[in-house]
Amino acid sequence: MVTQAIENARTQIGLEIDTIEASGKCLNPVTLTPEGDVYYCGYADWRSGFFPGSVWYLYELTGDTTLLPLAQKYTEAISEAQNLTWHHDIGFIINCSFGNGLRLINKAGYKDVMIQAAKSLCTRFREKPQVIQSWNVTGNSWQSKRGWECPVIIDNMMNLELLFEATKLSGDSTFYKVAVAHADRTMQEHFRADGSCYHVIDYSIEDGSVRHRQTAQGYADESAWSRGQAWAIYGYTMCYRETQNPKYLAQAVKTFNFMKNNKNMPTDLVPYWDMDAPNIPNEPRDVSSAAVIASALYEMSTYPVEDPQACKSYADSIMTSLASPAYTAPISENGRFVLMHSVGSLPHNSEIDVPLNYADYYYLEALKRKLDLEK
Ligand code: GLY
């Protein structure tokens, strides 16, 4: 399965690379528009690091050195993102691109980009609530119309990896401390007793108290938006890796158990976009959340959890589903993305049942982790 999945991804992403190279531009593919065209983003889009990151993983998975200059070119094309301070997603953007590049070829300059990006992210740390603010609430954005002061989304856990890396690269523990403070407050406020999490917590800038517990991309404030659960499982597993604090691993396990035991989890283990969506089973699936959970579980299976083998088996079952024709697109179809059937934001009527570059990225990462475990 793994060999075939890698060959398939090489061919499909290779076709996208051919398209980009033929354009003479440094395009960054994200998804398909309702008209069926590939949507390409700029460096400030939260998804701009995933395509460069996928090319790094593809290089690692195949050993194909022709991919190396391309991975570098696509990565360096978004270097301006290191200075972004108006949203929190700089961790996703820079760590998936420059972080993988640094890990694989240690190119001069990549380390500086990582450290500068971590500094930019830390400008969003708010003293009273002890969190990194996710979204700005000024201007004309939809976020500014919700009445929030300091919204933090569970997705923000993923940005902490950049901060942990930056402390290792610079020796400056400030980044580490910000990451731990954010992870701790999030653990305190975002989770329900059953292990599931809210999407958005809005804090008071003045005194740090919680003003709202809500959703933005889920079905309802009290529902379990699947990608949010996936970010929590992955984020706290990563926090355990970086700190060795068992409370983070326990949180990741608890949220995973919530998903695993959920009465609405389909037998192929690819979640509905929200586990409480009203018309299940007639609701879109979200492949991106399945891919994120699979990748997290391969890592979790290497840590002291009750049944590591069960974590790996669950991830293997997800991967078998994703690699099947039910979710892997035929070559040259699906806008040359590998996986079909993800959901960006259903409440915003945006990107419903489409390919998404982050589904592909975490799928490739999961393939890499699976291979490493089985070696
Ligand atoms: N971080 C945004 C999302 O998961 O859609």
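In the block above lies the structure referred to throughout.
Residues numbered from 1 in each chain as written. Predicted model: local features only at pLDDT ≥ 70, side-chain atom pairs only at ≥ 80, totals over all residues. Heavy atoms only, no water.

Enquirer: Kindly report on the pattern of salt bridges, identifying the contributing residues and their values.
Expert: In the structure shown here, the tally under the stated rule is 29 salt bridges. With a closest N to O distance of 2.8 Å, R103 and E60 form a salt bridge. Of this pair, R103 sits in helix α4 (residues 90-105) while E60 sits in helix α2 (residues 50-62); the two residues are 43 residues apart in sequence, bridging distant segments of the chain. R241 is paired through a salt bridge with E161; the nearest N and O atoms lie 2.9 Å apart. Within this pair, whereas R241 is found in helix α8 (residues 226-243), its partner E161 is found in helix α6 (residues 160-170), the two being separated by 80 residues in sequence. The partly exposed category is assigned to R241, whose relative accessible area is 24%. Judged by relative accessible area, E161 falls into the buried class, the value being 14%. (Salt bridge = Lys/Arg side-chain N within 4 Å of Asp/Glu carboxyl O. Helix = DSSP H or I, 4+ residues; strand = E, 2+ residues; numbered from the N terminus. Buried < 20%, exposed > 50% of the residue type's maximum accessible area, 1.4 Å probe, protein only.)

Enquirer: Any chance you could break down the side chain of Q12 for me, citing the residues and the numbers?
Expert: In this fold, Q12 is placed in helix α1 (residues 2-23). Within the structure, Q12 has its side chain in polar contact with the backbone oxygen of F337 (distance 3.0 Å). With residues up to four places along the chain from it excluded, the contact list for Q12 reads A329, P330, I331, S332, E333, R336, F337 and V338. (Polar contact = N/O pair within 3.5 Å; in protein donor to acceptor, adjacent residues only side chain to side chain. Contact = heavy atoms within 4.5 Å.)

Enquirer: I'd love a proper account of helix α3 (residues 67-76), names of residues and values included.
Expert: With respect to burial, α3 is a largely interior element, seven of its ten residues being buried. Considered for burial, the residues of α3 that qualify are L67, L68, L70, A71, Q72, Y74 and T75. Considering only its buried residues, α3 is in contact with α1, α2, α4 and α5 (110-122).

Enquirer: An account of the sheet that holds strand β5 (residues 150-153) is requested, with residue identities and associated values reported.
Expert: Spatial strand order, β5-β6-β7: three strands in an open sheet with antiparallel pairing. Across the chains shown, the open sheet's two edge strands, defined by having one partner strand only, are β5 and β7 (210-214). Each strand axis lies, on average, 20 degrees off the axis of its neighbour in the sheet, ignoring direction. Bridge count for β5 against strand β6 (residues 200-203) is four bridges, and the pairing is antiparallel. Bridged to I153 within β6 is V200. (Pairing = 2+ DSSP bridges. Axes fitted to C-alpha atoms, helices over the stretch in contact; angles between N-to-C directions.)

Enquirer: So, the site of the ligand: which residues are in play, and what are the values?
Expert: Around the ligand lies a shell formed by W46, D155, Q217, W225, R227 and W231. In this structure, an oxygen atom belonging to the ligand sits 2.6 Å away from a side-chain N or O atom of R227. Between the ligand and the protein, one listed contact pairs an oxygen atom with a side-chain N or O atom of W231 at 2.9 Å. Bound to the protein, the ligand loses 93% of the 200 Å² it would expose on its own. Grouping the constituent residues of the shell around the ligand by class yields three nonpolar, one polar and two charged. (Near = heavy atom within 4 Å. Areas by Shrake-Rupley, 256 points an atom, 1.4 Å probe, with all protein chains shown as cover. Nonpolar A, V, L, I, M, F, W, Y, C, P; charged D, E, K, R; others polar.)

Enquirer: Could you give an account of the packing of α1 against helix α12 (residues 357-374), naming the residues involved and the relevant values?
Expert: Remark: α1 packs on α12, axes separated minimally by 11 Å, with the N-to-C direction vectors making an angle of 145 degrees. Between α1 and α12 lies a crossing of left-handed hand. Every residue of α12 that contacts α1 at V2, A5, I6, A9 and I13 is listed here: Y363, L364, L367, K370 and L371. Counted by class, the contact of α1 with α12 contains nine nonpolar, no polar and one charged residues. (Left-handed = near helix turned anticlockwise from the far one by under 90°.)

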